[in-house]
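Overview (structure and organization)
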Amino acid sequence: TDPLEFPTTFTNYLDAGETYRLHAVVVHVGDAFAGHYYSFVDPGLDGHWVRFDDDRVQAVDYPTVAKEATGTVANAAAYLLQYV
C-alpha cells in the first residue's frame, strides 16, 4: 500500500480563505488490539518539531515526522492531525 500523505498547510475556502498549519501529529504504533501512542508538536509553528514519547522528549526535523507519521515505519501511522 502507499503511505499516507497529508498537507502541512491547507486553506479552508468555506472559512473566508483561512490558511491552517500543521501543529501536531499523534502517532499510533501497533494494531487494533494493542499499541503505543506518541506525538510530534511544532509549538511555535516555525518548523522546529519536538517528539514526545512518554518521558523522552527530543527535537526532530520534519522529515522524521513525515516518515514516522505516514506509515513508512513498521506498524506506525498518524492517528490524529491538529491544524491551527
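Residues numbered from 1 in each chain as written. Predicted model: local features only at pLDDT ≥ 70, side-chain atom pairs only at ≥ 80, totals over all residues. Heavy atoms only, no water.

1. Some remarks on the pairing of strand E5 (residues 56-60)
Regular strands have side chains that alternate between both faces of the sheet. Here strand E4 (residues 49-53) pairs with E5 via 5 bridges, running antiparallel. Paired with Arg51 across the strands is Gln58, a residue of E5. Turn length for the E4-E5 hairpin, with the two strands adjacent in sequence and antiparallel, is 2 residues, and the turn residue Asp54 shows positive phi of about 55°. (Pairing = 2+ DSSP bridges. Helix = DSSP H or I, 4+ residues; strand = E, 2+ residues; numbered from the N terminus.)

2. Quick notes on a nonpolar patch on the surface
A contiguous nonpolar patch, built from Tyr37, Tyr79 and Leu80 and spanning about 350 Å² of accessible area, is present on the exposed surface. Secondary-structure assignment places Tyr37 in strand E3 (residues 35-41). (Patch = residues over 30% accessible without salt bridge, like charges linked within 9 Å, V, L, I, M, F, W, Y side chains within 5 Å. Areas by Shrake-Rupley, 256 points an atom, 1.4 Å probe, with all protein chains shown as cover. Salt bridge = Lys/Arg side-chain N within 4 Å of Asp/Glu carboxyl O.)

3. Here's the deal with the packing of aromatic side chains
All chains considered together, the criterion is met by 5 aromatic pairs. The interplanar angle of 70° and the centroid separation of 5.3 Å between the aromatic rings of Tyr37 and Tyr79 together place this pair among those described as edge-to-face. With a gap of 42 residues between them, Tyr37 in strand E3 and Tyr79 in strand E6 (residues 76-83) connect regions that are remote in the sequence. We classify Tyr37 as partly exposed; its relative accessible area is 42%. Look at Tyr79 and you get exposed, because its relative accessible area is 58%. Centre to centre, the rings of Tyr38 and Phe40 are 5.6 Å apart; their planes meet at 75°, and the pair counts as edge-to-face. Note on accessibility: Tyr38 and Phe40 belong to one class, buried. For Arg51, the ring lying beneath its charged end belongs to Tyr38, and the centroid distance is 4.0 Å. (Phe/Tyr/Trp six-rings, centres within 6.5 Å; stacked < 30°, edge-to-face > 60°. Buried < 20%, exposed > 50% of the residue type's maximum accessible area, 1.4 Å probe, protein only. Lys NZ or Arg CZ within 6 Å of the ring centre and 35° of its normal.)

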